[in-house]
Amino acid sequence: MEQILNLRGVSIFQRENLILSEVNLTINKGDFVYLIGKTGSGKSSFMKTLYGDLPLTNGEGSIVDFNLKTLKEKEIPFLRRKLGIVFQDFQLLQDRTVADNLLFVLKATGWKDKEKMQAKIDEVLDKVDMKTKNFKFPYQLSGGEQQRIAIARALLNDPELILADEPTGNLDPQTSIEVMQVLQEINKNGRTILMATHDYALLLKYPSKTLKCDEGKVFEVVQKNA
Ligand SMILES: Nc1ncnc2c1ncn2[C@@H]1O[C@H](COP(=O)(O)OP(=O)(O)OP(=O)(O)O)[C@@H](O)[C@H]1O
């Protein structure tokens, strides 16, 4: 099985504060993994370490063929191209349309061919069922629609791993399910997803491998059948 993420004996710090220690974890290609835990338990810090926003100083870690321990500042953009990152607050550019948000990312990541860019934008918008709204501005969309655009944006460079940090945190329960269905569909098509959440309703409705941050550790929890 192909490993997408492997952490051995990792400690995670915010400045000099130890947040998580002895983290051992493997994620294989095609997995859908939840990361749960109380507010402040370290989920975001964990995610940040994976996309190079916090340095990995203790232990060993590899992610989509990058060594997190030896990761250089100038390699970070290349790592992020292999990851699709989705945040709670969508982080769309408000001053441009949906299509131009996606075009901006393609140009920033080295795409040049206009027709190929247009085809890619259509493809990812189709995946999240938002093709007909490509001319809208973010503020003209609902929260769920904005998050679907953010997911489309995360798919632009065919990422090997999608990191979603509380992607449904700003959405009502019904919209959360709709966004979750999009993520499930993407996972069924073979993409690996790590999703931080504290939405237990989603965990029950879509059971999958679950990791928990608690008291400075990360461990796998066995979900009981309700
Ligand atoms: N930039 C920072 N500088 C110093 N400490 C921080 C920083 N960001 C977070 N922390 C601390 O690290 C700990 C873990 O925070 P983190 O944001 O990773 O938790 P979380 O599980 O993602 O919480 P939430 O569910 O509220 O997002 C907290 O004690 C927090 O106060």
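Below: a short report on this structure. None of these values were measured; they are calculated from a predicted model.

Turning our eyes to something else, we now look at the overall build of the protein chain. Scanning the protein chain from N- to C-terminus turns up seven helices and ten strands. Against the 2.2 N^0.38 benchmark of 17 Å for 226 residues, the protein chain shows a C-alpha radius of gyration of 17 Å, consistent with a compact globule. Counting only C-alpha atoms and orienting by the principal axes, one finds that the protein chain spans roughly 45 × 45 × 35 Å. Taking all 226 residues of the protein chain together, the buried fraction comes to 34%. Sequence-distant contacts in the protein chain: of pairs separated by 6 or more residues, those separated by 24 or more amount to 68%.

All right, on to the site of the ligand then. The environment of the ligand is made up of 13 residues, and the closest members are Gln14, Thr39, Lys43, Ser44 and Ser45. Secondary structure elements with two or more residues in the shell around the ligand: β2 (17–28) and α1 (43–50). For the shell around the ligand, the leading source of residues is α1, giving three residues. A per-class count over the shell around the ligand returns two nonpolar, nine polar and two charged.

To continue, consider the nonpolar core. If you look at the biggest cluster of nonpolar residues, it comprises 53 residues, and the most contacted ones within it are Leu35 and Ala152. The element contributing the most residues to this core is helix α5 (residues 143–155), with six residues. When near neighbours in sequence (up to four residues on either side) are disregarded, Ala152 contacts Leu102, Val124, Leu125, Lys127, Val128 and Met130.

The phi dihedral of Gln91 falls on the positive side, at around 55 degrees, and the residue is not glycine. On the secondary structure map, Gln91 appears in the loop between β6 (83–86) and α3 (98–108). Positive phi values are uncommon outside glycine, yet Glu215 reaches one of about 50 degrees. Its location among the elements puts Glu215 in the loop between β9 (209–214) and β10 (217–221).

Attention now goes to the sheet that holds strand β4 (residues 58–63). With antiparallel pairing, four strands are arranged side by side in an open sheet as β2-β1-β4-β5. The open sheet has two edge strands, β2 and β5 (66–67), and neither has a second partner. The pairing of strand β1 (residues 3–14) with β4 spans five bridges and is antiparallel. Considered in β4, the bridge of Leu7 is made with Gly61. Packed onto the sheet, α1 meets β1, β2 and β4 and runs at close to 120 degrees relative to β1.

Calculation notes
- Residues numbered from 1 in each chain as written.
- Predicted model: local features only at pLDDT ≥ 70, side-chain atom pairs only at ≥ 80, totals over all residues.
- Helix = DSSP H or I, 4+ residues; strand = E, 2+ residues; numbered from the N terminus.
- Rg over C-alpha atoms; globule rule 2.2 N^0.38 Å.
- Buried ≥ 20, exposed ≤ 12 C-beta atoms within 10 Å, placed from the backbone.
- Contact = placed C-beta atoms within 7 Å.
- Near = placed C-beta within 6 Å.
- Nonpolar A, V, L, I, M, F, W, Y, C, P; charged D, E, K, R; others polar.
- Core = buried A, V, L, I, M, F, W, Y, C linked by C-beta atoms within 7 Å.
- Pairing = 2+ DSSP bridges.
- Axes fitted to C-alpha atoms, helices over the stretch in contact; angles between N-to-C directions.

On their own, these measurements won't tell you what the molecule is for.
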